[in-house]
Amino acid sequence: MSKLISIQQAVDMIPNGAVVMFGGFMANGSAEGVIDALVAKDVKNLTIICNDSGLIDKGVGKLIVNKQCAKLIATHIGLNKETGRQMTAGELIVDLVPQGTLAEQIRCGGYGLGGVLTRTGLGTLVEEGKQKVDVDGITYLLEKPLRADFAVIFGSVVDKNGNIAYHGSTNNFNNVMAAAADITIVEAQQVVEIGQLHPNHVTTPGVFVNYIVDRGECSG
């Protein structure tokens with residue numbers, strides 16, 4: 001069965017109240033076409049998990065500005081002043097997580113691990129309500145796995161089996177998020193036939209990808 005679907009089919013899968021991971025780092029490597037389609041559809045009450053809240057007019061920031069999110073789990077929000085405004089006004093729940101911790105929580109969710117032990121956040125607000133574990137006399141915080149209903153990621157070159165190659169820093173959170181969702185949708189900058197992508201260039205195996213959206217179709 002072909003993994004290629006239309007942009008409309010992709011956004012129709014994502015209902016109100018869904019938990020969605022979005023790849024991207026300051027919108028670099030974000031699935032802009034799918035995000036724009038979600039804005040147009042006006043899906044509401046999303047919980048989104050991402051590195052940051054993008055910019056006001058780029059990346060997941062568009063979802064924030066359009067007030068489609070009930071909760072944001074991210075590492076920083078400083079590039080999008082609307083995120084801070086909504087948080088201060090009580091319109092948006094924001095859970096700020098150290099960047100390395102977030103990456104490891106997502107990795108644990110994808111690999112079936114029970115969590116990660118870290119010293120990051122000890123003695124700060126980060127540790128509130130979290131379990132502490134002593135290992136050989138050293139105290140760690142237990143950070144539990146993160147998973148989502150959907151991962152919406154980006155790939156520079158994607159073959160029709162879903163194998164993904166990334167150009168430069170577009171990899172960022174996309175690769176680790178691919179395994180940590182029930183359904184993974186990749187927006188491909190370029191779609192190629194199976195066999196055209198050299199195995200050494202594949203970072204995300206197609207086994208983690210359920211559906212492919214051609215970016216050309218998004219912009220067309």
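Scroll up for the structure.
Presented here is an overview of the structure given in this document. (Residues numbered from 1 in each chain as written. Predicted model: local features only at pLDDT ≥ 70, side-chain atom pairs only at ≥ 80, totals over all residues. Heavy atoms only, no water.)

**Re the side chain of Thr204**
No. 1: With respect to the element layout, Thr204 can be found in the loop between strand 10 (181–192) and strand 11 (211–214).
No. 2: Within the structure, Thr204 has its side chain in polar contact with the side chain of Asn175 (distance 2.5 Å).
No. 3: For Thr204, the contacting residues outside a window of four places in its chain are Gly162, Asn163, Ile164, Tyr166, Asn175 and Ala178. (Helix = DSSP H or I, 4+ residues; strand = E, 2+ residues; numbered from the N terminus. Polar contact = N/O pair within 3.5 Å; in protein donor to acceptor, adjacent residues only side chain to side chain. Contact = heavy atoms within 4.5 Å.)

**Comments concerning the environment of Asn66**
No. 1: Mapped onto the elements, Asn66 comes out in the loop between helix 3 (61–65) and strand 3 (69–74).
No. 2: Given the relative accessible area of 30%, Asn66 is considered partly exposed.
No. 3: Along the backbone, Asn66 and Asp136 are 70 residues apart, and their C-alpha atoms lie at a distance of 49 Å.
No. 4: Excluding residues that lie within four positions of it along the chain, Asn66 makes contacts with Val39, Asp42 and Lys44. (Buried < 20%, exposed > 50% of the residue type's maximum accessible area, 1.4 Å probe, protein only.)

**Let's talk about the pairing of strand 10**
No. 1: Note: strand 8 (residues 148–159) against strand 10, 10 bridges, orientation parallel. Counterpart to Gly155 in the pairing with strand 10 is Ala188.
No. 2: The sheet contact formed by strand 10 and strand 11 spans 4 bridges and is parallel. Residue pairing across strands places Ile185 opposite Tyr211, the latter belonging to strand 11. (Pairing = 2+ DSSP bridges.)

**Quick notes on helix 5 (residues 99–111)**
No. 1: Between the first and last C-alpha of helix 5 there are 18 Å, a value that for 13 residues agrees with the 18 Å anticipated at 1.5 Å per step.
No. 2: For helix 5, every residue scored as buried is listed here: Thr101, Leu102, Gln105, Ile106, Cys108 and Gly109. Down the axis of helix 5, the smallest arc covering the buried residues is 155 degrees, so these residues share one side.
No. 3: Immediately downstream of helix 5, the backbone of Gly112 shows phi near 75 degrees, a positive value. (Expected span 1.5 Å × (residues − 1). Arc of directions from axis to C-beta.)

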